[in-house]
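Chain by chain, the residues run as shown.
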Amino acid sequence: MLCTNGHMCADSSVFCPTCGVGTFLSSTPQYLARGAPPMGTSTNGLAIASLVLGITWVYWIGSILALIFGLVARKQIKQSAQSGSGMATAGIVLGCVGIATLLYFLIIVITAIHSTGPSY
Ligand SMILES: [Zn+2]
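Let us look at the structure shown here. A quick note: this is a predicted structure, and the numbers were derived from the prediction, not measured.

Criteria and thresholds
- Residues numbered from 1 in each chain as written.
- Predicted model: local features only at pLDDT ≥ 70, side-chain atom pairs only at ≥ 80, totals over all residues.
- Helix = DSSP H or I, 4+ residues; strand = E, 2+ residues; numbered from the N terminus.
- Expected span 1.5 Å × (residues − 1).
- Contact = placed C-beta atoms within 7 Å.
- Buried ≥ 20, exposed ≤ 12 C-beta atoms within 10 Å, placed from the backbone.

1. Notes on helix α2 (residues 45-56)
Reasoning step 1: If you check α2, its first and last C-alpha atoms are 16 Å apart, about what 12 residues at 1.5 Å a residue would give, namely 16 Å.
Reasoning step 2: On its buried side, α2 packs onto α3 (61-80) and α4 (85-115).
Reasoning step 3: Looking at the residues trailing α2, positive phi occurs at Trp 57, about 70°.

2. A look at the environment of Val 21
Reasoning step 1: Relative to the helices and strands, Val 21 is located in the loop between β1 (2-3) and β2 (24-25).
Reasoning step 2: For Val 21, a count of 13 C-beta atoms within 10 Å gives the class partly exposed.
Reasoning step 3: Sequence separation between Val 21 and Thr 4 is 17 residues, and the spatial gap between their C-alpha atoms is 7.6 Å.
Reasoning step 4: In this view, Val 21 contacts Cys 3, Thr 4, Asn 5, Phe 15 and Cys 16; residues no more than four positions away in its chain are not counted.

Rendered as structure tokens:
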């Protein structure tokens, strides 16, 4: 194991033989053992919601919400140094794609209505 100053010590030592401190770190740092990022960072919930809504689409309701949540999430991530900006961006992109398809379909429907109008 390591003392808090980073010296190698025997597992049975009570004090570090090099610097004499009585405090030790586990030989495997906690964050490596858990595979999680260093403490202080959490993933933004709105970023996750944005990505999920962007994927699930839900008849364009998801797309619109994904875009809104993504923009809010990016603002929150910038202010709070949270992680998830990639997910927020993906949500925004998916939202934009969804809305673009909605507009595309609307144009097709409108032109179809016009072209199949009264044609005696
Ligand atoms: Zn030491």
